[in-house]
Amino acid sequence: MTLRFPQIGTLPASNVLDGLGNRHIWRSNIALISCSPEDKMSFFRTGQVLAATLFLSTAGTAQATSIDAGTILSTFGTISLGDYTLSSHTAAPIYVGGNFSGSHAVQAPGNGEGTVAPGISGTVVVAGDISGTPTLNNSTVLAGTISGNINGGNNTVTTGASVPAAAVRTAMEDLSRDLAAMTDTGASYDFSDQNQLSLTSGAGLDGFAVLNLGSGVFLQNGTLKSFSNTAGTFIVNIGGSNITIGANFNQDDSNVIFNFYEATQITVNSTFGFGILAPWAELNLNGGGTDTFVVGSTINQRTEVRGTFTGDLPETPAVPLPAAGLLLIGGLGAMAAVSRRKKAA
């Protein structure tokens with residue numbers, strides 16, 4: 001099937017099935033193929049009218065749409081703000097703000113999808129390129145480009161997607177700063193015996209418990225033997241640029257966020273059952289796995305991520321998406337000015 005335009009040419013249909021039953025969708029702009037100068041001008045003027053109409057009908061929506069950090073944390077398990085490498089089977093939706101490289105299976109329960117913003121969702125959402133041969137079945141993949149191959153079958157694969165990677169990064173960085181600025185609510189801990197580590201949220205305040213720690217040294221060795229969270233969402237703010245997690249924190253709670261607000265390098269060598277928010281860090285997940293979310297500037301994943309965030313976040317301003325309509329109307333104004341100058345000449 002082709003799309004035909006008088007005096008312009010033909011464009012191939014952009015929705016096809018491959019041999020595995022995966023549906024591939026390409027999103028691209030229509031380009032002029034062959035026409036006379038008069039037809040070009042006519043098409044150009046018609047395009048101006050259509051573009052202006054589209055802007056007026058969608059500008060309000062574009063300006064109103066924003067990135068909500070809570071939605072992303074509660075629907076994606078792995079959130080890499082930059083490049084991402086998958087070297088293990090994983091079991092939760094994946095967001096990648098850079099390029100995705102990997103050849104392992106992604107099997108989100110119920111073929112679940114993560115949501116970046118209205119209309120931008122999928123089991124795997126990648127702003128850049130997907131290389132390698134990841135395996136999915138009955139899932140949705142959204143990417144800028146795919147230089148590799150999606151194994152499996154019955155997937156909906158869309159390329160040419162516009163994913164707001166910069167806005168997502170800003171939302172996660174803002175969240176980390178906001179959490180780090182929260183007042184300690186008096187949570188208790190005892191890290192004196194590395195084989196009997198204990199951590200308790202206490203009652204917290206308005207559904208949030210906060211513990212502010214200047215160092216993550218206690219995470220290097222030992223076992224968390226005693227843990228209790230009765231507050232709702234438990235936020236543990238940890239300073240330090242280079243963090244190694246070797247202690248066994250296997251008491252899962254997807255309402256807990258360990259916020260590494262200064263970290264540039266984090267290596268996880270053991271089971272860690274709490275959420276990791278580290279938007280400026282290279283995050284290396286080497287062993288143990290987690291049943292909740294991870295956020296890193298870049299992520300090298302060699303173990304499973306099996307869940308998402310289930311708690312609440314303090315109210316913070318949402319990050320607005322770029323209003324494409326504003327850019328469009330500016331471009332139309334510039335073109336009109338050029339037209340006027342030509343007529344005056």
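Residues numbered from 1 in each chain as written. Predicted model: local features only at pLDDT ≥ 70, side-chain atom pairs only at ≥ 80, totals over all residues. Heavy atoms only, no water.

S.K.: Got a sec to walk through the sheet that holds strand 15 (residues 188–190)? Specific residues and values, please.
M.R.: In spatial order, the strands read 15-16-18; together these 3 strands make up an open sheet with mixed pairing. Across the chains shown, the open sheet's two edge strands, defined by having one partner strand only, are strand 15 and strand 18 (224–228). Averaged over neighbouring strand pairs, the angle between their axes works out to 5° when direction is ignored. With 3 bridges connecting them, strand 15 and strand 16 (residues 197–200) associate as antiparallel partners. Bridge pairing in strand 16 places serine 188 opposite threonine 200. (Pairing = 2+ DSSP bridges. Helix = DSSP H or I, 4+ residues; strand = E, 2+ residues; numbered from the N terminus. Axes fitted to C-alpha atoms, helices over the stretch in contact; angles between N-to-C directions.)

S.K.: Lay out the environment of alanine 108 with the relevant residues and their values.
M.R.: Within the element layout of this structure, alanine 108 appears in the loop between strand 9 (100–102) and strand 10 (114–117). For alanine 108, a relative accessible area of 7% translates into the label buried. Sequence separation between alanine 108 and proline 93 is 15 residues, and the spatial gap between their C-alpha atoms is 5.8 Å. Not counting residues within four places of it along the chain, the set of residues in contact with alanine 108 comprises Ala91, Ala92, Pro93 and Thr123. (Buried < 20%, exposed > 50% of the residue type's maximum accessible area, 1.4 Å probe, protein only. Contact = heavy atoms within 4.5 Å.)

S.K.: Just give me the short version of the confidence of the model for the protein chain, but keep the residues and values in it.
M.R.: Overall, the prediction assigns the protein chain a mean pLDDT of 82, with 75% of residues at 70 or greater. Confidence over residues 1–13 falls short of pLDDT 50; this stretch has 22 contacts with residues more than four positions distant or in other chains. Note on residues 324–345: pLDDT under 50 across the span, and 11 contacts to partners over four residues away in sequence or across chains. (pLDDT = per-residue confidence, 0-100.)

S.K.: So what about helix 3 (residues 165–180)? Which residues, and what values?
M.R.: Between the first and last C-alpha of helix 3 there are 23 Å, a value that for 16 residues agrees with the 22 Å anticipated at 1.5 Å per step. Those residues of helix 3 not exposed but buried are Ala165, Ala167, Val168, Ala171, Met172, Glu173, Leu175, Ser176 and Leu179. (Expected span 1.5 Å × (residues − 1).)

S.K.: Lay out the side chain of serine 270 with the relevant residues and their values.
M.R.: In this fold, serine 270 is placed in the loop between strand 22 (265–268) and strand 23 (275–285). Engagement of the side chain of serine 270 in a polar contact is seen with the backbone oxygen of alanine 247, the distance being 2.5 Å. (Polar contact = N/O pair within 3.5 Å; in protein donor to acceptor, adjacent residues only side chain to side chain.)

S.K.: For the environment of asparagine 138, give the residues involved together with the corresponding values.
M.R.: Within the element layout of this structure, asparagine 138 appears in the loop between strand 12 (124–131) and strand 13 (140–146). Assessed through its relative accessible area of 45%, asparagine 138 is described here as partly exposed.

S.K.: Explain the side chain of threonine 90 residue by residue, including any values.
M.R.: Position of threonine 90 among the secondary structure elements: in the loop between strand 7 (84–86) and strand 8 (94–96). Within the local environment of threonine 90, its side chain forms a polar contact with the side chain of glutamine 301, the two groups lying 2.8 Å apart. The contact partners of threonine 90, leaving out residues within four places of it in the chain, are Ala105, Val106, Gln107, Gln301, Glu304 and Val305.

S.K.: How would you explain unusual backbone geometry if you had to name every residue and give the values?
M.R.: With glycine set apart, most residues show a phi of negative sign, and most peptide bonds adopt trans. Within the chain, asparagine 154 stands out as a residue other than glycine whose phi angle is a positive 60°. Along the chain, asparagine 154 turns up in the loop between strand 13 and strand 14 (156–159). Residue aspartate 206 is not a glycine yet carries a positive backbone phi of 55°. Within the secondary structure, aspartate 206 is located in the loop between strand 16 and strand 17 (208–213).

S.K.: With reference to specific residues and values, describe the nonpolar core.
M.R.: If you look at the biggest cluster of nonpolar residues, it comprises 49 residues, and the most contacted ones within it are Leu219, Phe249, Phe258, Phe260 and Ile266. For this core, the element with the highest residue contribution is strand 23, accounting for 5 residues. Excluding residues within four positions of it along the chain, isoleucine 266 makes contact with Ile243, Ile245, Phe260, Ala278, Ala281, Glu282, Leu283 and Asn284. Within the second largest apolar cluster, 32 residues are counted, among which are Ile79, Val116, Ile120 and Val210. (Core = buried A, V, L, I, M, F, W, Y, C linked by side-chain atoms within 4.5 Å.)

S.K.: Mind laying out the pattern of salt bridges, listing which residues take part and the relevant values?
M.R.: Applying the stated rule across the entire model yields 4 salt bridges. For arginine 177, the salt bridge is made with aspartate 174, and the minimal N-O distance between the two is 3.2 Å. Of this pair, arginine 177 and aspartate 174 are both found in helix 3, 3 residues apart, which corresponds to roughly one turn of the helix. A relative accessible area of 44% means that arginine 177 is categorised as partly exposed. Here glutamate 304 ties to arginine 306 by a salt bridge, and the two come within 3.0 Å at their closest N and O atoms. Assessed through its relative accessible area of 23%, glutamate 304 is described here as partly exposed. (Salt bridge = Lys/Arg side-chain N within 4 Å of Asp/Glu carboxyl O.)

S.K.: Explain the packing of aromatic side chains residue by residue, including any values.
M.R.: Summed over the entire model, instances satisfying the criterion amount to 14 aromatic pairs. Taking 5.5 Å as the distance between ring centres and 25° as the angle between the ring planes, the aromatic pair formed by phenylalanine 249 and phenylalanine 272 counts as stacked. Taken together, the residues phenylalanine 249 in the loop between strand 20 (242–245) and strand 21 (256–259) and phenylalanine 272 in the loop between strand 22 and strand 23 connect sequence positions 23 residues apart. Consider the rings of phenylalanine 258 and phenylalanine 272, whose centres lie 5.1 Å apart with planes at 85°: the pair is edge-to-face. (Phe/Tyr/Trp six-rings, centres within 6.5 Å; stacked < 30°, edge-to-face > 60°.)

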